[in-house]
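The lines below spell out each chain.
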Amino acid sequence: MNDQAASFEPVQIRLQPTPNPNAWKFILDRAVLNEGKATFNNEQEALGNRLALDLLALDGVKQVHFFQNVITITGRLDCEIEELQRAVVSVIETRMPVHNPNWTSEDSKKSKRADMPMELQKIEEILDRTIRPGLQGDGGDLELVRLEQNKLYVRYQGACGTCPSSTSGTLMAIEGILRDELQMQLEVIPV
């Protein structure tokens, strides 16, 4: 079924927990983004994307993350979880018929891997192969911010952004894999 035909059918949504107790995956029967990923922390970042804007406008939503056919919502600690989940489903059901899965932000257009230094491209390839599948399966992801000397600065996205294990076990795993594959002493630092 193509995207246009799917937009006229009622959207099917499956709610799934993540390892982060304050984040949930809403898995759809159609694409949210056909290419890439997008994380929205505020209205400015979501400009031009009605679905993201309306989700961020919900009381209790801290962050919205789009990847393939998944929307990950991170809620504030003080939110009423079931009420927020119902509100998210309602917004998805009403906005998906007019949502454009080909949407890309200006930032994502600017951040193409081919423009990165070779060292960062190699790190991206290692992360794609070893770390990202697990993070994405849990409703999150990882963005490389910069590499300075032997310090790699990363930003967790989606459910990983506020997950307690992202600053301990996950961070150590990332560091260990990169050290092993790159044969260098690398420190991974979340920002």
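Residues numbered from 1 in each chain as written. Predicted model: local features only at pLDDT ≥ 70, side-chain atom pairs only at ≥ 80, totals over all residues. Heavy atoms only, no water.

### Re the packing of aromatic side chains
Right, on to step 1. Summed over all chains, the structure comprises two aromatic pairs.
Right, on to step 2. Considering the side-chain rings of Phe 40 and Phe 66, the 5.2 Å spacing of their centres and the 70° angle between planes classify their relative orientation as edge-to-face. Remark: Phe 66 occurs in strand S4 (residues 61-67) and Phe 40 occurs in strand S3 (residues 37-40); sequence separation between them is 26 residues. Both residues of the pair, Phe 40 and Phe 66, belong to the buried class.
Right, on to step 3. Taking the centre distance of 5.5 Å and the plane angle of 50° together, the rings of Phe 40 and Trp 103 count as tilted. Of the two residues, Phe 40 is situated in strand S3 and Trp 103 in the loop between helix H3 (81-95) and helix H4 (106-110); the sequence distance between them amounts to 63 residues. Each member of the pair, Phe 40 as well as Trp 103, carries the same accessibility label: buried.
Right, on to step 4. Taken together, the ring pairs in this structure connect Phe 40, Phe 66 and Trp 103 into an aromatic cluster. (Phe/Tyr/Trp six-rings, centres within 6.5 Å; stacked < 30°, edge-to-face > 60°. Helix = DSSP H or I, 4+ residues; strand = E, 2+ residues; numbered from the N terminus. Buried < 20%, exposed > 50% of the residue type's maximum accessible area, 1.4 Å probe, protein only.)

### A few points about the pairing of strand S1 (residues 13-17)
Right, on to step 1. Here five bridges tie S1 to strand S2 (residues 23-28), and the two strands are oriented antiparallel to one another. Its bridge partner being in S2, Pro 17 is matched across the sheet by Trp 24.
Right, on to step 2. In textbook terms, the turn of a hairpin is the stretch between consecutive antiparallel strands, and for S1 and S2 this stretch comprises five residues. (Pairing = 2+ DSSP bridges.)

### Examining helix H7 (residues 169-182)
Right, on to step 1. Look at H7: 20 Å from first C-alpha to last across 14 residues, which is about the 20 Å you get at 1.5 Å a residue.
Right, on to step 2. Among all positions of H7, only Thr 170, Leu 171, Ile 174, Glu 175 and Leu 178 are buried. Looking straight down H7, one finds its buried side chains confined to an arc of 135°; they lie on one side. Turned more than 90 degrees from where H7 packs its buried face, Met 172 and Asp 180 sit exposed.
Right, on to step 3. Contacts made by the buried residues of H7 are with helix H5 (118-130), helix H6 (132-137), strand S6 (140-148), strand S7 (151-158) and strand S8 (187-190).
Right, on to step 4. Of the residues flanking the end of H7, it is Gln 183, one or two places downstream, whose phi is positive at about 55°. (Expected span 1.5 Å × (residues − 1). Arc of directions from axis to C-beta. Contact = heavy atoms within 4.5 Å.)

Keep in mind these numbers describe shape, not what the thing actually does.
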